[in-house]
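# Examination of the molecular architecture
Given next are the chains, with one letter for each unit.
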Amino acid sequence: MILPTKHLREDRALLTVGAELLDGLREPKTVSRLWSDFSNERSSGASPVTYDWFVLALDLLYLIGAIEFARGRVRKVPQ
């Protein structure tokens, strides 16, 4: 689930989806805007990701301390 496996393609692994989300977080965004941007970008190439998989990727990023939620927006944690 987090890493690609025999039954989970590389472009659907949570780490891959999370990396794409971090790449799209150049500025703080609401969850709905982040989802909209992500799903639009994702529709052009890799296999589609459902909203619940998107939320799981956000949860993973939050758990590892890569993002934070403040004032209704998701943003990268400064390094």
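Right above here is the structure, for reference.
Residues numbered from 1 in each chain as written. Predicted model: local features only at pLDDT ≥ 70, side-chain atom pairs only at ≥ 80, totals over all residues. Heavy atoms only, no water.

## Description of the side chain of Lys-29
Within the secondary structure layout, Lys-29 lies in the loop between α1 (14–24) and α2 (31–42). What makes Lys-29 buried here is its relative accessible area of 7%. What Lys-29 contacts, discounting residues up to four positions off in sequence, is Gly-24, Leu-34, Asp-37, Arg-73 and Val-74. (Helix = DSSP H or I, 4+ residues; strand = E, 2+ residues; numbered from the N terminus. Buried < 20%, exposed > 50% of the residue type's maximum accessible area, 1.4 Å probe, protein only. Contact = heavy atoms within 4.5 Å.)

## Side note on the pairing of strand β1 (residues 67–70)
Judged from the 4 bridges that link them, β1 and strand β2 (residues 73–76) form a sheet pairing that is antiparallel. Considered in β2, the bridge of Ile-67 is made with Lys-76. Linkage of β1 to β2, two consecutive antiparallel strands, is achieved through a turn of 2 residues, within which Arg-71 is found at a positive phi near 55°. (Pairing = 2+ DSSP bridges.)

## Things to note about the nonpolar core
Core analysis: the largest hydrophobic core is formed by 18 residues, its most contacted members being Val-17 and Leu-21. If you list the elements that add at least two residues to this core, you get α1, α2 and α3 (51–63). Residue contributions to this core peak at 6 residues, all from α3. In contact with Val-17, not counting residues within four places along its chain, are Asp-11, Arg-12, Phe-38, Arg-42, Val-49, Trp-53 and Ala-57. (Core = buried A, V, L, I, M, F, W, Y, C linked by side-chain atoms within 4.5 Å.)

## Examining the packing of aromatic side chains
Considering all chains together, one arrives at 5 aromatic pairs under this definition. Taken together, a centroid distance of 6.4 Å and an interplanar angle of 40° make the contact between Trp-35 and Phe-38 tilted. Residue Trp-35 and its partner Phe-38 are located together in helix α2, separated by 3 residues, close to a single helical turn. Taking 5.3 Å as the distance between ring centres and 90° as the angle between the ring planes, the aromatic pair formed by Trp-35 and Tyr-51 counts as edge-to-face. Of this pair, Trp-35 sits in helix α2 while Tyr-51 sits in helix α3, and the two are 16 residues apart along the sequence. On the basis of relative accessibility, which here comes to 22%, the residue Trp-35 falls in the partly exposed class. On the basis of relative accessibility, which here comes to 43%, the residue Tyr-51 falls in the partly exposed class. One aromatic cluster in this structure is built from Trp-35, Phe-38, Tyr-51 and Phe-54. (Phe/Tyr/Trp six-rings, centres within 6.5 Å; stacked < 30°, edge-to-face > 60°.)

## Some remarks on α1
Those residues of α1 that sit buried are Leu-14, Val-17, Gly-18, Leu-21 and Gly-24. End-on, the buried residues of α1 take up no more than an arc of 120°, which puts them together on one face. For α1, the elements touching its buried residues are α2 and α3. (Arc of directions from axis to C-beta.)

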